[in-house]
Amino acid sequence: MTTAIQVIVDALSVGSLYALTALGIGLIFGIMRLINFAHGEFVMIGAYMLMAIVAQYEPLAIIVAMVLVVVLALFSERIAFRPVRNASPTTMLVTSFAVSYFLQYLFVMIYGARPKGFEFLAGLAEPFVIGTIRIPKLNVAIVAVTIVLLAGLALFLTRSRFGVQMRAAALNFRMARLLGVRADRVIAVAFALSGILAGVTAIFITVQGGTLSPGMGVQLALIGFVATIIGGMGSLIGAVLGGYFIGVVTVLLQFGLPLEMRPYREAFVFAAVILVLLARPQGLFRGAEARERV
Amino acid sequence: MSLLAVDDLAVRYGPIAALRGVSVAVEEGEFVGVVGPNGAGKSTLLFAITGAVRAEAGSVSFDGQALSGLAPEDIVRRGMALVPEGRELFGELTVEENLRLGATIRRDRGGVEADVRAQMEAFPILAERRRARAEKLSGGEQQMLAVARALMGRPRMLLLDEPSLGLAPLITRQVYETLTGLNREGMTILVVEQNPARIIDVARRVYVLRSGRIARSGPPDILSRREELDEAYFGFDEHGRDA
Ligand SMILES: Nc1ncnc2c1ncn2[C@@H]1O[C@H](COP(=O)(O)OP(=O)(O)OP(=O)(O)O)[C@@H](O)[C@H]1O
Ligand SMILES: [Mg+2]
């Protein structure tokens, strides 16, 4: 019982980070059919910014790092992605890799390739203790913040005029523009939202991992991308569920695999993903019922 | 001066010349039809006018102002609304969301609310199904929604691409009754159709488009003269390709 609860909480918090990442990638893919691998670097840079600014006052570091990541997301859209907006999918993909590598090696230049230890919001490492159950405060914080973010985003997309315009643009970009939806604005807002998601992910990854390296975002972006595929590309709910699916599989493997196999956990995760896609090429959550895009 | 003036417009998709020097003029308050066979370039013409595809040469002006280089979202703000081929509703959004998206360009909230109510009165099915997904409507209902959505932007001119596509004759007649009603109230209309029979009774003037060129234009009765029409439709060269 005790272990079961701990495994569930673990799975939910790992899944939350993957879901936020998948959502950041899925938002942009939905609107401009761009797979933004640089999303991982948005997270990485957010983490480094926390370290650079922390100066004993953590709330300030959080705010400044979040703002910087959003600015970075908007800036990369303006500089790199806008010029290839109408180019072929291959060109867009290559651009996305180029931005990703550029940002990684920029940070290798500035901070070196070696991982750096960095303790942030150390208080969150403490567990809540309820009887025999010990649940890290961090995990609770991750799940709670994710729920708030998802609810906020869902409200924005369904209730606000601009949110409905974004959904329309994701469904049929040309028609949305013909009705007057401004392409530049919709895409900029999608990047800003994905920047917010990356910033939040950066905070949690930093607290959780305690080390930073310029390559830290690579695997995260890959998992986020895979999660959007599992969810059925183009569906935001699918991306979120795909993120949680991978989180659950990861934690179950971590818990269930023999000790000497654990370092290869990710190989098993991706094997599971391949099996899923062989069985359901359209994604897990894109059946006749679950075709909602939001 | 014409409300809409298309002058010597050329559009290509890679090697395919879809429009090769098309000129069309529509006066304020007119109901004009463009007919032409499959692949003649009818949809391309409407997309080029509304900025959804780039013209290679030629010009489009609306109300005396050149539109070249403007994005679709800017052109719709000049007062032209397109009801595209196949309606292009946002199928997964509700009927009401689709309707309100038509008012994207407007800032007058009160006016928009009044127009939502007015459209729902004009097309009661939209009120009945306002919370349903647009894709759940029948073809005729979807066409009504597409027209209502376009009207929500309060356009001066309506462009429609094959509004009868896939509709039963009775429903087609209803759609055209709506259009003639709008025209009577002063709306300028440009309709594109494959089937000349749809246009012949309603349009004041028609153009016959074939292989990216205007083959003929004049009063609608040019469409009823059999030989002329055959020649215009099936005349010499191949569709859309360079001769
Ligand atoms: N996106 C595109 N890419 C390449 N060629 C295109 C594209 N759209 C249209 N074409 C070609 O341009 C020509 C004109 O097409 P268009 O759709 O304008 O014709 P249409 O008159 O609307 O035909 P229909 O009656 O079938 O709707 C055709 O030869 C078509 O194959
Ligand atoms: Mg067409």
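Because the structure is a prediction, the values reported are computed rather than measured.

Cut-offs used in this document
Residues numbered from 1 in each chain as written. Chains lettered and ligands numbered in written order. Predicted model: local features only at pLDDT ≥ 70, side-chain atom pairs only at ≥ 80, totals over all residues. Heavy atoms only, no water. Helix = DSSP H or I, 4+ residues; strand = E, 2+ residues; numbered from the N terminus. Rg over C-alpha atoms; globule rule 2.2 N^0.38 Å. Buried < 20%, exposed > 50% of the residue type's maximum accessible area, 1.4 Å probe, protein only. Contact = heavy atoms within 4.5 Å. Areas by Shrake-Rupley, 256 points an atom, 1.4 Å probe, with all protein chains shown as cover. Lys, Arg positive; Asp, Glu negative; His and termini not counted. Charge placed at Lys NZ, Arg CZ, Asp CG, Glu CD. Phe/Tyr/Trp six-rings, centres within 6.5 Å; stacked < 30°, edge-to-face > 60°. Patch = residues over 30% accessible without salt bridge, like charges linked within 9 Å, V, L, I, M, F, W, Y side chains within 5 Å. Salt bridge = Lys/Arg side-chain N within 4 Å of Asp/Glu carboxyl O. Buried area = accessible area lost by both parts, 1.4 Å probe. Donors = N, O, S within 2.8 Å, 3.2 Å for Na, K, Ca; no water. Near = heavy atom within 4 Å. Polar contact = N/O pair within 3.5 Å; in protein donor to acceptor, adjacent residues only side chain to side chain. Pairing = 2+ DSSP bridges. Axes fitted to C-alpha atoms, helices over the stretch in contact; angles between N-to-C directions. Parallel < 35°, antiparallel > 145°, perpendicular 65-115°, else oblique. Left-handed = near helix turned anticlockwise from the far one by under 90°.

Focus: the overall build of chain B
Of the regular secondary structure elements, chain B holds nine helices and 10 strands. For 243 residues, the compact-globule formula gives about 18 Å, and the C-alpha radius of gyration of chain B, at 18 Å, lands near that figure. Each of the three principal axes of chain B carries a C-alpha extent, and together these read 50 × 40 × 35 Å. Put simply, chain B has 243 residues, and 56% of those count as buried. Look at the contacts in chain B between residues 6 or more apart in sequence, and 69% of them connect residues 24 or more apart. When the accessible surface of chain B is summed, it comes to about 10400 Å², and 49% of that surface belongs to carbon and sulfur atoms. Each charge class in chain B was averaged separately, 31 positive and 35 negative side chains, and the resulting centres sit 4 Å apart.

A closer look at the packing of aromatic side chains
Residues and elements named next belong to chain A. According to the stated counting rule, one finds nine aromatic pairs over all chains in the structure shown. Between Phe37 and Phe225, the ring centres sit 5.2 Å apart and the planes meet at 65°, which makes this aromatic pair edge-to-face. With Phe37 in the loop between helix H1 (2-32) and helix H2 (39-53) and Phe225 in helix H9 (residues 216-230), this residue pair connects regions lying 188 residues apart in the sequence. Phe37 sits in the buried class, given a relative accessible area of 12%. Using a relative accessible area of 17% as the deciding quantity, one classes Phe225 as buried. Relative to Tyr105, the ring of Tyr101 has its centre 6.5 Å away and its plane inclined at 25°; by these criteria the two rings are stacked. Of this pair, Tyr101 and Tyr105 both sit in helix H4 (residues 89-111), four residues apart, which is roughly one turn of the helix. Among the residues examined, Tyr101 registers a relative accessible area of 45% and is labelled partly exposed. One aromatic cluster in this structure is built from Phe37, Phe97 and Phe225.

Focus on a nonpolar patch on the surface
All names here are of chain A. Together, Ile63, Val67, Val71, Phe75 and Ile79 give the surface a local cluster of nonpolar side chains, amounting to about 490 Å² of exposed area. Relative to the helices and strands, Val71 resides in helix H3 (residues 58-81). Taking the relative accessible area as the measure of exposure, Val71 reaches 46% and is therefore partly exposed.

Focus on the interface of chain B and chain A
Tallying the contact residues gives 26 residues for chain B and 22 residues for chain A. On the chain B side of the contact with chain A, Glu73, Phe90 and Glu92 of chain B bury the most area, a combined 28% of that side's loss. Between chain B and chain A we count four salt bridges in total. As a salt-bridge pair, Arg177 of chain A and Glu73 of chain B come within 2.7 Å of each other at their nearest N and O atoms.

What to know about the coordination of the magnesium ion (ligand 2)
Residues and elements named next belong to chain B. Protein-derived ligands of the magnesium ion (ligand 2) are Ser43 (OG) and Glu85 (OE), with the metal-ligand distances lying across 1.9 to 2.0 Å. Here the residue Ser43 occupies a position in helix H1 (residues 42-49), and Glu85 occupies one in the loop between strand S6 (80-83) and helix H3 (95-101), the gap between them amounting to 42 residues. Judged by relative accessible area, Glu85 falls into the partly exposed class, the value being 34%.

What about the environment of Ile25 of chain A?
All names here are of chain A. As for its placement among the helices and strands, Ile25 is situated in helix H1. According to the relative accessible area criterion, Ile25 is buried, its value standing at 1%. Sequence spacing of Ile25 and Phe191 is 166 residues, and the spatial spacing of their C-alpha atoms is 9.3 Å. Those residues in contact with Ile25, other than ones at most four positions away along the chain, are Asn36, His39, Ala221, Gly224, Phe225 and Thr228.

Comments concerning the site of ligand 1
All names here are of chain B. Around ligand 1 there are 13 residues in total, and Asn38, Gly39, Lys42, Ser43 and Thr44 lie nearest to it. In the environment of ligand 1, an oxygen atom lies 2.7 Å from a nitrogen or oxygen atom belonging to the side chain of Lys42. Between an oxygen atom of ligand 1 and a side-chain N or O atom of Ser43, the distance comes to 2.8 Å. Coverage of ligand 1 by the protein amounts to 65% of the 630 Å² it exposes when considered alone. Of the residues forming the shell around ligand 1, the biggest block, three residues, is contributed by H1.

Focus: the pairing of S6 of chain B
All names here are of chain B. Here S6 shows a buried face lined by Met80 and Leu82 and a second buried face lined by Ala81 and Val83. Pairing analysis gives four bridges linking S6 to strand S7 (residues 157-161), with the strands arranged parallel. Counted as the bridge partner of Val83 is Leu160 from S7.

Re the packing of H2 of chain A against helix H8 (residues 183-209) of chain A
Residues and elements named next belong to chain A. In contact at an axis separation of 8 Å, H2 and H8 are set at 55° when each is read in the N-to-C sense. Put simply, H2 runs oblique to H8. The hand of the H2/H8 crossing is right-handed. Across from His39, Phe42, Val43, Gly46, Ala47 and Leu50 in H2, the residues of H8 making contact are Ser194, Ala198, Thr201, Ala202, Ile203 and Thr206.

Brief notes about the pattern of salt bridges
One side chain can pair with another of opposite charge once the charged atoms of both are near each other. Applying the stated criterion across every chain yields a total of 21 salt bridges over all chains. We note a salt bridge from Arg167 of chain A to Glu97 of chain B, for which the minimum N-O separation is 3.1 Å. Here Arg167 of chain A, found in helix H6 (residues 161-171), pairs with Glu97 of chain B, found in helix H3, and the two come from separate chains. Take Arg167 of chain A and Glu97 of chain B: they sit in the same class, and that class is buried. Its salt-bridge partner being Glu56 of chain B, residue Arg12 of chain B comes within 3.3 Å of it at the nearest N-O pair.

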